Amino acid sequence: MAADLELILRGPDAYPLARKALEEMERRQVWPTPVNFELWINSLANPAGPLAKEIGRLATAREPITEDVSENLAAKFLTKNRLSDQIRDAGDQLSRELDSVSRAIDAAHKSSQEYAHTLHGAAEELAGEPAPIALKKMVDSLTAATVRIERENSSLEAQLNDSTREVERLREHLEQVRRDAMTDGLTNLANRKAFDEALAKACAGSDASGAPMCLAVIDIDHFKRFNDTWGHQTGDQVLRYVASVIARLGDDPRVAARYGGEEFNLLFPGEAVDTVFGLLDEIRQEIGGRMLKRRSTNEDLGAVTISIGVAQRYKGETATSLIERADAALYSSKRTGRNRVTNAELAAAA
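What counts and what doesn't
Here the residue index of a chain counts from 1 through its sequence in written order. Given that this is a predicted model, residues contribute local features only at a pLDDT of at least 70 and side-chain atom pairs are listed and counted only at 80 or more, while totals for whole chains, interfaces and linings are drawn from all residues. Note: side-chain values were computed over all heavy atoms of the structure, leaving out hydrogens and water. Only runs of H or I of at least four residues qualify as helices and only runs of E of at least two qualify as strands under DSSP, and these elements are numbered from the N terminus. Pairing of N or O atoms within 3.5 Å defines a polar contact, subject to two protein rules: one partner must be a possible hydrogen donor and the other a possible acceptor, and residues neighboring in sequence count only if both atoms are side-chain atoms. Residue contacts follow a heavy-atom distance rule, with two residues in contact if any of their heavy atoms lie within 4.5 Å. For helices, the axis comes from a line fit to the C-alpha atoms of the stretch in contact; other axes are also lines fit to C-alpha atoms, and the angle between any two N-to-C directions lies between 0 and 180 degrees. An angle below 35 degrees is treated as roughly parallel, one above 145 as roughly antiparallel, one from 65 to 115 as roughly perpendicular, and anything else as oblique. By definition, any crossing whose near helix is turned counterclockwise from its far helix by less than a right angle is left-handed, and any crossing with a clockwise turn is right-handed. The nonpolar class holds Ala, Val, Leu, Ile, Met, Phe, Trp, Tyr, Cys and Pro. Asp, Glu, Lys and Arg form the charged class, and all remaining residues, Gly among them, are polar. What makes a nonpolar core is a set of buried Ala, Val, Leu, Ile, Met, Phe, Trp, Tyr and Cys residues whose side-chain atoms join them at distances within 4.5 Å. Each residue is assigned to one of three classes by its accessible area relative to the maximum for its type, calculated with a 1.4 Å probe on protein chains only: buried under 20%, partly exposed between the two thresholds, exposed over 50%. Every case where a carboxyl oxygen of Asp or Glu lies within 4 Å of a side-chain nitrogen of Lys or Arg is listed as a salt bridge. Paired strands are those between which DSSP finds at least two bridges.

## A look at the side chain of Arg284
You can see Arg284 is positioned in helix H11 (residues 273-288). A polar contact is formed between the side chain of Arg284 and the backbone oxygen of Asn339, at a distance of 3.1 Å. Apart from residues no more than four positions distant in its own chain, Arg284 is found in contact with Ile306, Ile308, Asn339, Arg340 and Val341.

## What to know about the environment of Leu199
Take Leu199: it is sitting in helix H8 (residues 192-209). C-alpha of Leu199 to C-alpha of Ala319: the two residues are 120 residues apart in sequence and 6.7 Å apart in space. The residues touching Leu199, leaving out its near neighbours within four places in the chain, are Met213, Leu267, Ala319, Leu322 and Ile323.

## Some points on the packing of helix H3 (residues 34-45) against helix H5 (residues 67-77)
Across the interface, H3 lies against H5 with an axial gap of 10 Å and an inter-helix angle of 50°. As summarised for this structure, H3 and H5 are arranged oblique, according to the angle between their axes. The handedness of the crossing between H3 and H5 comes out as left-handed. Across the interface between the two elements, Val35, Asn36 and Leu39 from H3 touch Ser70, Glu71, Leu73 and Ala74 from H5. Classifying every residue of the contact of H3 with H5 by side-chain character gives four nonpolar, two polar and one charged.

## Topic: the nonpolar core
The biggest cluster of nonpolar side chains holds 34 residues, and the ones touching the most others in it are Ile220, Val242, Phe264, Leu266 and Leu280. Ile220 has contacts with Val238, Leu239, Val242, Glu262, Phe264, Val304, Thr305, Ile306 and Lys334, leaving out every residue within four places of it along the chain.

## A look at the pattern of salt bridges
This model, assessed by the stated rule, comprises 16 salt bridges. Of the charged contacts in the structure, one is a salt bridge between Arg248 and Glu286, with a shortest N-O distance of 2.3 Å. Of this pair, Arg248 sits in the loop between helix H10 (232-247) and strand S2 (255-260) while Glu286 is found in helix H11, placing the two residues 38 residues apart along the sequence. Classification of Arg248 as partly exposed rests on a relative accessible area of 49%.

## Considerations on the sheet that holds S2
Ordered in space as S2-S3-S1-S6-S7, the five strands form an open sheet in which the pairing is mixed. Each edge of the sheet is formed by a strand with only one pairing partner; in this case those strands are S2 and strand S7 (341-343). Averaged over all pairs of adjacent strands, the angle between their axes in this sheet comes to 20°, without regard to strand direction. Bridge count between strand S1 (residues 213-220) and strand S6 (residues 306-312): seven bridges; the pairing is antiparallel. Looking at the pairing, Ile220 lines up with Ile306 of S6. Contacts between H10 and the sheet are confined to S1, S2, strand S3 (263-269) and S6, with S3 contributing the most and set at about 5° to the helix.

All quantities given are derived from atomic positions and should not be read as evidence of function.
Next up, the structure:
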């Protein structure tokens, strides 16, 4: 389908399809962002595909297409194609560079063989005590061969330098593609896939070193009610604000992630719960102590609060068990009034 869409966008149907996409977005009151435009182009180009069906389902249910919804649709229906295309293109370029290097090395090898053959012939002629004229011709031949091999070696060196730079550029491009695939588009935090991988790695590291580690699960209080009151666009702004505060605790080796919806996770490798608890309570107070305003109208939105559950990992504990205990601590924070941090150990004892 990705190849078919590329052909459509290069053909005579490109402009009608683009206009239709814009008309459909306007009819649905969807903001024409690049992500939304790509979603509608793909759905119109493949009206029987899963993306078109999902957009149709949202339309039937009268669900608004917010920035968050768009990012989720793109992650589910577009990322795989987009990443595979980018990786394939980079791989093709890398293959061409390696082929070019291989041909250059083959050519240099051939030149070296010819040069060796010339030297061998000269050695045989010298063994026969050649006349001065023949000796001069031999020296000229060796000089010309030497100049030729030096020139070809210089060309090979330049080509290898160019190829090295191109391979490095491709490596950086592939690394950027990998980072994009592991990042939440709305908040720029790590996404769920990235966090799950980091959690598994941290658990293995904790077992190997014996160092402590903690997991915090964070949820925005009454977020659905906030969305229903102020709209999803404003809700997205709140998510970005909360994420920006959480991100300040996410410096390596810590990991901050949007785990889904209004839920965030923070991983603290090598840190014990007493220290982590204080840091979490500081961001809870900072977020809850700020009165927010609606960006478009400057209306007061009031304060947004968060509830947090934190668990320190037991030795040998699985990632699933650690998440479940942190979740249980989060629900304890919700049950006991919200806007608080709860230690999983205390929640279990209560």
